[in-house]
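Working through the structure, step by step
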Amino acid sequence: MRGVPDEMGSLVDRIHERVVRGGAALGSVDREEAAGQVDRLVRLDSPLLDEAAVRSITSAVLARALGLGPLEPLLADPLVTDVMVNPGGRVWVDRDGALAATDLMLCESVVSHLVERVVAPLGLHADRSRPVVDARLPDGSRVHAVVRPLAVDGPCLTIRRFGSRPVRLDEVASPGVAALLAWVVRARANVIVCGGAGAGKTTLLNALAAGIPGGERVITIEDAAELRLPGDHVVRLEARPANGEGHGEVRIRDLVRAALRMRPDRIVVGEVRSGEALDMLQAMNTGHEGSLSTCHANGPVEALRRLETLVLMGDVDLPHAVVREQIAGAVDLVVHIARTGSGRRVVDVAEVGRVDRFGRLDARSLVHEGRLGDLPHRPARFASAGEPLAEWVGS
């Protein structure tokens, strides 16, 4: 491991080996007691170490024994959103929207150990028979690992951190755009958030959903539970992958259908990526206004085309014209978030139009150069908003 003095690294290895060999049940006690146990081992082994060195060694051993070892300091950095271990052991991070290499270099055995530490408690294994595995850390962070033989040059590990600090709309949008988005959530508009990988779709979805009135019954559905809504009446559902034998899978689509029987006021789907798009559109069209979701797309028009494709990927045979009518009737606005030179920003908000006589479905942009340039033309759904949109945005 690069960046750690050889003598300190050797001491960490030695103490960690004693912890493992001695069967110390660090995981069954709180972190303070575990730190005390390791501290005593360090002092017995090297009584001449100063206090700073003892604390450093203790922290390193605890990180290896209880956490993700050398990656723990990176995961503790609030500005780091992604940690990536490439084949060969070089570690990269996405820090505050910028990709950067660290001075960490991990050997293959360490990376393999980290992967097993994450997936083993879930009853999963990463090996030649199952070389691709997804898991989640206790704090909600998502983990994706690929090992040999698919990872030709060695195992790779990607951790998408769960953001503990909620982001406000005005942090990712200009004042007028933030006011519009706050209003449409209160007005129960159906909104799709689109963007590329790592653009901040879930972060924006969290910020939008934070504006849902507390008395409403909201059901959230996700692959990995990341949404943290402040309301008192929130039900969180999470999909489940198949186990090692290929059984027990629960899909997003299954949960959307289940949610419709749970008397929701709103349904929030973390991401539509398959046939559940049709169930989501039907929910939006049948009394569950104010629902929110995300999809991967590089703009509002592309998002509508992708929704159409996702519906057609399902197990129903619908004409294209019917699918477009479903989308036009269900989705009010598409919000596009992207990485920019100033960080993650809302770069477009588009109002979904009707299907024209040529069968085309388009979206009208309300944002110009990052600022609100127009207001929606179809506010009929939004009667429950209270304050008129023009007054709200202008306030």
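Note: the structure precedes this text.
Below or above, wherever it landed, is the structure these notes cover. All values derive from a computational prediction rather than experimental measurement.

Burial along strand β6 (residues 156–160) is one-sided: Leu 157 and Ile 159 are buried, while Cys 156, Thr 158 and Arg 160, pointing the other way, are not. As paired elements, strand β1 (residues 80–85) and β6 share four bridges and run antiparallel to each other. In the strand pairing of β6, Asp 82 is matched with Arg 160.

Take the pairing of strand β5 (residues 142–146) next. On a regular strand, one side chain projects to one face of the sheet and the next to the other, so that they alternate. Where strand β4 (residues 132–136) meets β5, five bridges bridge the pair, whose relative direction is antiparallel. Bridge pairing in β5 links Ala 135 to Val 143. Hairpin connection from β4 to β5: five residues lie between these consecutive antiparallel strands, with Gly 140 at a positive phi of about 100 degrees. In the sheet, β5 pairs with β6 via five bridges, with the strands oriented antiparallel. Its bridge partner being in β6, Ala 145 is matched across the sheet by Leu 157.

Right, let's get into the side chain of Ser 293. Relative to the elements of secondary structure, Ser 293 occurs in strand β11 (residues 292–296). Of the polar contacts made by the side chain of Ser 293, one reaches the backbone oxygen of Val 269; its length is 2.9 Å. If near-sequence neighbours (up to four positions away) are discounted, Ser 293 is found in contact with Val 191, Ile 192, Val 193, Leu 205, Val 269, Glu 271, Val 272 and Met 280.

As a further point, take the packing of helix α9 (residues 252–259) against helix α10 (residues 276–285). At a minimum axis distance of 8 Å, the contact between α9 and α10 shows a crossing angle of 20 degrees. With respect to each other, α9 and α10 are oriented roughly parallel. Viewed along their axes, α9 and α10 form a crossing whose handedness is left-handed. In contact with Ile 252, Arg 253, Val 256 and Arg 257 of α9, α10 contributes Glu 276, Leu 278, Asp 279 and Met 280. Considered class by class, the residues forming the contact of α9 with α10 number four nonpolar, no polar and four charged.

What the six strands build is an open sheet, ordered β3-β2-β1-β6-β5-β4; its pairing is antiparallel. At either end of the open sheet lies a strand with only one pairing partner, and these are β3 (98–105) and β4. Taking each pair of neighbouring strands and ignoring which way they run, the sheet shows an average axis angle of 20 degrees. Note that strand β2 (residues 90–95) and β3 share five bridges and pair antiparallel. Note that in β3 the partner of Val 93 across the bridge is Ala 100. Contacts from helix α5 (residues 108–119) reach β1, β4, β5 and β6 within the one sheet, and its direction differs from that of β4 by about 55 degrees.

Under the counting rule described, the total for this entry stands at 21 salt bridges. A salt bridge links Asp 82 to Arg 160; its shortest N-O distance comes to 2.5 Å. Here Asp 82 is found in strand β1, whereas its partner Arg 160 is found in strand β6, with 78 residues between them in sequence. Owing to a relative accessible area of 26%, Arg 160 belongs among the partly exposed residues under this scheme. Of the charged contacts, one joins Glu 308 and Arg 324 as a salt bridge, the two residues approaching to 3.2 Å between their closest N and O atoms.

Among the 10 residues of α10, eight are classified as buried, and the element is accordingly described as predominantly covered. Those residues of α10 lying buried are Glu 276, Ala 277, Leu 278, Asp 279, Met 280, Leu 281, Ala 283 and Met 284. For α10, the secondary structure elements touched by its buried residues are β7 (191–195), α9, β10 (266–269), β11, α11 (300–312) and α12 (320–330). Looking one or two residues past α10, Gly 287 carries a phi angle of roughly 100 degrees, positive in sign.

Of note, Asp 332 is situated in the loop between α12 and β12 (333–340). One polar contact links the side chain of Asp 332 to the main-chain amide nitrogen of Asn 190, over a distance of 2.8 Å.

Of all hydrophobic cores here, the largest spans 36 residues; its most connected members are Ile 221, Val 269, Val 272, Ile 327, Val 331 and Val 334. When residues of this core are traced back to their parent elements, those giving at least two are β7, β8 (218–222), α9, β10, α10, α11, α12 and β13 (343–352). Counting residues per element, this core draws most heavily on α10, which supplies six residues. Once residues within four sequence positions are removed from consideration, Val 334 is found in contact with Ile 192, Cys 194, Pro 300, Ala 303, Leu 304, Asp 348, Val 349, Ala 350 and Val 352.

Our next topic: the environment of Val 83. Relative to the assigned elements, Val 83 resides in strand β1. The buried category is assigned to Val 83, whose relative accessible area is 0%. Aside from chain neighbours lying at most four places away, what touches Val 83 is Leu 71, Leu 74, Leu 75, Val 91, Trp 92, Val 93, Leu 157, Thr 158 and Ile 159.

Next up on the list: the environment of Ala 277. With respect to the helices and strands, Ala 277 occurs in helix α10. With a relative accessible area of 1%, Ala 277 lands in the buried category. For the pair formed by Ala 277 and Val 311, sequence separation is 34 residues and the distance between their alpha carbons is 5.5 Å. Other than its neighbours up to four places away in sequence, Ala 277 contacts Val 272, Leu 307, Leu 310 and Val 311.

Rules of the game
- Residues numbered from 1 in each chain as written.
- Predicted model: local features only at pLDDT ≥ 70, side-chain atom pairs only at ≥ 80, totals over all residues.
- Heavy atoms only, no water.
- Buried < 20%, exposed > 50% of the residue type's maximum accessible area, 1.4 Å probe, protein only.
- Helix = DSSP H or I, 4+ residues; strand = E, 2+ residues; numbered from the N terminus.
- Pairing = 2+ DSSP bridges.
- Polar contact = N/O pair within 3.5 Å; in protein donor to acceptor, adjacent residues only side chain to side chain.
- Contact = heavy atoms within 4.5 Å.
- Axes fitted to C-alpha atoms, helices over the stretch in contact; angles between N-to-C directions.
- Parallel < 35°, antiparallel > 145°, perpendicular 65-115°, else oblique.
- Left-handed = near helix turned anticlockwise from the far one by under 90°.
- Nonpolar A, V, L, I, M, F, W, Y, C, P; charged D, E, K, R; others polar.
- Salt bridge = Lys/Arg side-chain N within 4 Å of Asp/Glu carboxyl O.
- Core = buried A, V, L, I, M, F, W, Y, C linked by side-chain atoms within 4.5 Å.

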